[in-house]
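Residue strings, one per chain:
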Amino acid sequence: MEDKEENEDINVAKDAFDGIGKKDAAERLLEKAEPARDKRKKSDHDDEPARNKRKKSGHEDEPDSPGQSSISYSAENRSIIVAPHLQGHSIDNVLINVNVERDERKKSDHDNKPALEEPDSNKRKIICQQNYKKEVEKKYGKMKDYNSLTGEWVDFNKRYTKLLILRRHPKLKEREDELKSRGHLEWRKKYKSDEAMCIQVKDVFAPDENGEIPTTVVLQGPAGIGKTFTVNKIMFDWASKNIFQDTFDYVFHFDFRKLNTKGDVSLIELLSDQYSDLNLKEILACPEKLLFLMDGFDEWKFPLDQDEGGDERTKQPVAITVNRLLKRKILSKSTLLITTRPSSLETLETSVTLQRFADLLGFSEHEIQEYVSKYFQTKEQAEQALNYIKENESVSTLCFVPVVCWIVCEVIKQSIACGEELNRNLKTATQVFVHFVITLCRHHGNNSPSDIIHKLGPLALGGVRKQQFLFQKEELEKLISSPVQGVSAFLSKIQFKQGLSCGSAYHFLHLSIQELFAAMFCVSGMSDEEINTLLNDSLHNRCLLNVVQFMFGLANKNIQALIPGSNLLPFCT
């Protein structure tokens, strides 16, 4: 009904405009408006009670007097009403009421504009995350061996083998018995059976018995045990949508060795170095969904007390930027996984609050078999290698270290390729262990082999003579000015409770490694008379037998060629 009246009013106005210049515009306007006015009068009469009420409030207009017309027009939002220009007439008592009604529908649409854009915003986030995951999967899906040539790559999943992770500190007696007995694989079988403490990578951030989720976790292990391997596995599995999908939106990997080379840099710049197309504003807005993998703290060359102010956007020395991240002074709600050798754990703990400790123990016996089977292309070659490892006790007990396992496989692979028979004697075992020492010196340490031998040799020989396998820090300091620097690739550290306080001790990764260092020291740093005395002592002290066997193994020219420095082994020339 109301729409009909408005249409008639509009027609009246239209006719009035059309008649301007032909007839008195005002009279025609009044004339044409009469029918519509009569209809409204009737409607006004029906609304008399409401009109009376408005009169009392002083807001109602005076009733229409003779000759007075009332015309009303309505317009939709964003429309225009044009009134005629009347000339030569006077119009009195013109009252113009402008009633602006807010278009609630339009207002609602405007107010909901962010909500309407939300799907697009979420879509952009998903696309950005997917692109980053593709880049990570591509980068970490391939790996290089220590001796890979340019362009040679290995498929990561075809090489990776699960590592044993213990969520507690090993007990002092456990570690001492393990070293004495050389029964590393037997002890790993015991650790593996402890389901409450033996965890997998996906359980590193699992809630504890109180339901609390750790946000700073340290993963410790000696050189070559697989810390970086584990970090790479986390990166690859997250990008492949296998782990942490509901926990972390983004995972970033920082290598302390590479961070050492940076100058002034902000955290945002460090993140951009990993992938340039990140929407960092959106990513950093949810720090609780970020995981930072900080690999190799033992190689961090800056003290942790450098941590002056600044946020993730502040460009400052890399030491300050990284230290503030470690100490949770920037992005405090993010999650950190820090890997380190045991020798640097105490330094880390003095400045960083570590909520969970995990010890990386390497391979169990089953995982050694799996690794070897994956390494070789044919089943026959894999069986040859496994038989050699099983029959050579000194080698098999050290194969829990992934680097040693790789060395054994690579040496056997090269022997098979050259058509050589696998010699099951100690010379080959010596070759494996020397390869291990050289590999750690090149890739996990800063010292030359000769420096390491002269630093650790006397300690190793003295320990073998006294059947000592654990060394106090003071004993190391007598021989080495800085026990941690340089030699940490070959020494591991254990923490233990000592009465009401905590103690610590150092030990070689394996008793065979201790005996090898003792032998290398004997043939490079002892006089002929001292060597003869050692050989005589070995007839009565069976602990020295392995040292002597290593000494004769080092006489092999092929093994001598592996060790840099022609004067390193004068006994063998």
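Note that the structure is predicted; figures quoted are calculated from it, not measured.

### With respect to the overall build of the chain
Phase 1 of the analysis: Helix and strand content of the chain: 25 helices and 13 strands.
Phase 2 of the analysis: The burial tally for the chain puts 45% of its 573 residues in the buried class.
Phase 3 of the analysis: The long-range fraction of contacts in the chain, counting pairs at least 24 apart against all pairs at least 6 apart in sequence, stands at 73%.

### Some remarks on the confidence of the model for the chain
Predicted coordinates in areas of low pLDDT are best not read in detail.
Phase 1 of the analysis: Averaged over every residue, the pLDDT of the chain is 78; the share at 70 or more is 73%.
Phase 2 of the analysis: Looking at the elements of the chain, mean pLDDT is at its lowest for helix H4 (residues 104-111), recorded as 45, and at its highest for strand S8 (residues 290-295), recorded as 98.
Phase 3 of the analysis: Under a pLDDT of 50 for its full length, residues 19-23 has, in the predicted model, 5 contacts with residues more than four places off or in other chains.
Phase 4 of the analysis: Between residues 103-117, whose pLDDT stays under 50, and residues either more than four places distant or in other chains, the model counts 4 contacts.

### Observations regarding unusual backbone geometry
Phase 1 of the analysis: Despite not being glycine, Lys-241 has its phi angle at roughly 65 degrees, a positive value.
Phase 2 of the analysis: As for its position among the elements, Lys-241 is in the loop between helix H9 (227-239) and strand S6 (250-255).
Phase 3 of the analysis: Even without being glycine, Arg-328 reaches a positive phi, approximately 65 degrees.
Phase 4 of the analysis: Its place among the elements puts Arg-328 in the loop between helix H13 (318-326) and strand S10 (335-340).
Phase 5 of the analysis: Arg-328 gets classed as buried once you look at its relative accessible area, which sits at 17%.

### Looking at the pairing of strand S13 (residues 501-508)
Phase 1 of the analysis: Where strand S12 (residues 491-498) lies against S13, 8 bridges are found, and the strand directions are antiparallel. Bridge pairing in S13 links Phe-496 to Gly-503.
Phase 2 of the analysis: Where S12 folds back onto S13 in an antiparallel hairpin, the turn is made up of 2 residues, including Gly-499, whose phi is positive at roughly 65 degrees.

### Concerning the pattern of salt bridges
Phase 1 of the analysis: Applying the stated rule across the entire model yields 13 salt bridges.
Phase 2 of the analysis: Measuring nitrogen to oxygen at the nearest pair gives 2.7 Å for the salt bridge that ties Asp-145 to Arg-159. Remark: Arg-159 occurs in helix H6 (residues 156-159) and Asp-145 occurs in the loop between strand S1 (142-143) and strand S2 (154-155); sequence separation between them is 14 residues. In this pair, the class of Asp-145 matches that of Arg-159, namely buried.
Phase 3 of the analysis: With a shortest N-O distance of 2.7 Å, Asp-307 and Lys-329 are connected by a salt bridge. Pair noted here: Asp-307 is in the loop between S8 and strand S9 (316-317) and Lys-329 is in the loop between H13 and S10, with a separation of 22 residues, a long-range link.
Phase 4 of the analysis: In this structure, a network of salt bridges that share partners links the residues Asp-307, Lys-327 and Lys-329.

### A closer look at the packing of helix H22 (residues 511-525) against helix H24 (residues 545-553)
Phase 1 of the analysis: Relative orientation of the contacting elements H22 and H24 amounts to 60 degrees, with a least axis distance of 8 Å. Classified by the angle their axes make, H22 and H24 are oblique. The hand of the H22/H24 crossing is right-handed. Counting all contacts with H22, which are made through Ser-512, Glu-515, Leu-516, Ala-518, Ala-519, Cys-522 and Val-523, the residues of H24 involved are Asn-546, Val-547, Phe-550 and Met-551.
Phase 2 of the analysis: For the contact of H22 with H24, a count of residues per class yields 8 nonpolar, 2 polar and 1 charged.

### Points about the sheet that holds S6
Phase 1 of the analysis: Taken together, the 7 strands give an open sheet; going across it, the order is S4-S3-S11-S5-S10-S8-S6, and neighbouring strands pair in mixed fashion. The sheet terminates laterally at strand S4 (198-199) and S6, the two strands that pair on one side only.
Phase 2 of the analysis: Taken together, the 5 bridges between strand S5 (residues 216-220) and S10 define a ladder with parallel strand orientation. Paired with Val-217 across the two strands is Leu-337, which belongs to S10.

### Brief notes about the packing of helix H15 (residues 365-375) against helix H18 (residues 402-417)
Phase 1 of the analysis: One way to put it is that H15 packs onto H18 with a least axis distance of 10 Å and a crossing angle of 40 degrees. It follows from the interaxial angle that H15 and H18 lie oblique. Note on packing geometry: the crossing formed by H15 with H18 is right-handed. From H15, Ile-368, Tyr-371, Val-372 and Tyr-375 reach across to H18, where they touch Cys-405, Trp-406, Cys-409, Glu-410 and Lys-413.
Phase 2 of the analysis: Its residues assigned to classes, the contact of H15 with H18 comprises 7 nonpolar, no polar and 2 charged.

### Regarding the packing of aromatic side chains
Phase 1 of the analysis: Within the structure shown, the criterion is met by 25 aromatic pairs.
Phase 2 of the analysis: Centre to centre, the rings of Tyr-146 and Trp-406 are 5.3 Å apart; their planes meet at 70 degrees, and the pair counts as edge-to-face. Placement of Tyr-146 in the loop between S1 and S2 and of Trp-406 in helix H18 is noted, with a sequence separation of 260 residues between them.
Phase 3 of the analysis: You can call Trp-406 buried: its relative accessible area is 8%.
Phase 4 of the analysis: Against the face of Trp-238 rests Lys-133, its NZ or CZ located 5.0 Å from the ring centre.

### Some words on the nonpolar core
Phase 1 of the analysis: Core analysis: the biggest nonpolar cluster contains 137 residues, and Phe-292 and Phe-517 have the highest contact counts within it.
Phase 2 of the analysis: When neighbours within four sequence positions are excluded, Phe-292 is seen to be in contact with Phe-252, Phe-254, Leu-271, Leu-325, Leu-331, Ser-334, Thr-335, Leu-336 and Leu-337.
Phase 3 of the analysis: Counting residues in hydrophobic clusters, the runner-up holds 7 residues, among them Leu-179, Phe-469, Leu-470 and Phe-496.

### Regarding the side chain of Arg-341
Phase 1 of the analysis: Checked against the element boundaries, Arg-341 lands in the loop between S10 and helix H14 (345-351).
Phase 2 of the analysis: Judged by relative accessible area, which is 5%, Arg-341 ranks as buried.
Phase 3 of the analysis: Residue contacts for Arg-341: discarding those within four places in its chain leaves Gly-221, Ala-223, Lys-227, Asp-298, His-444, Ser-488 and Ala-489.

### Some thoughts on the environment of Leu-293
Phase 1 of the analysis: Tracing the chain through its elements places Leu-293 in strand S8.
Phase 2 of the analysis: Owing to a relative accessible area of 0%, Leu-293 belongs among the buried residues under this scheme.
Phase 3 of the analysis: With 39 residues separating them along the chain, Leu-293 and Phe-254 place their C-alpha atoms 6.0 Å apart.
Phase 4 of the analysis: Those residues in contact with Leu-293 that sit more than four places away from it in its chain are Val-231, Ile-234, Met-235, Val-251, Phe-252, His-253, Phe-254 and Leu-337.

### A few points about H18
Phase 1 of the analysis: Look at H18: 22 Å from first C-alpha to last across 16 residues, which is about the 22 Å you get at 1.5 Å a residue.
Phase 2 of the analysis: Burial within H18 is extensive, with 12 of its 16 residues counted as buried.
Phase 3 of the analysis: Looking at H18, one finds that the buried residues are Pro-402, Val-403, Val-404, Cys-405, Trp-406, Ile-407, Val-408, Cys-409, Glu-410, Val-411, Ile-412 and Ser-415.
Phase 4 of the analysis: Positive phi appears at Gly-419, one or two residues downstream of H18, with a value of about 75 degrees.

Rules used in this analysis
- Residues numbered from 1 in each chain as written.
- Predicted model: local features only at pLDDT ≥ 70, side-chain atom pairs only at ≥ 80, totals over all residues.
- Heavy atoms only, no water.
- Helix = DSSP H or I, 4+ residues; strand = E, 2+ residues; numbered from the N terminus.
- Buried < 20%, exposed > 50% of the residue type's maximum accessible area, 1.4 Å probe, protein only.
- Contact = heavy atoms within 4.5 Å.
- pLDDT = per-residue confidence, 0-100.
- Pairing = 2+ DSSP bridges.
- Salt bridge = Lys/Arg side-chain N within 4 Å of Asp/Glu carboxyl O.
- Axes fitted to C-alpha atoms, helices over the stretch in contact; angles between N-to-C directions.
- Parallel < 35°, antiparallel > 145°, perpendicular 65-115°, else oblique.
- Left-handed = near helix turned anticlockwise from the far one by under 90°.
- Nonpolar A, V, L, I, M, F, W, Y, C, P; charged D, E, K, R; others polar.
- Phe/Tyr/Trp six-rings, centres within 6.5 Å; stacked < 30°, edge-to-face > 60°.
- Lys NZ or Arg CZ within 6 Å of the ring centre and 35° of its normal.
- Core = buried A, V, L, I, M, F, W, Y, C linked by side-chain atoms within 4.5 Å.
- Expected span 1.5 Å × (residues − 1).

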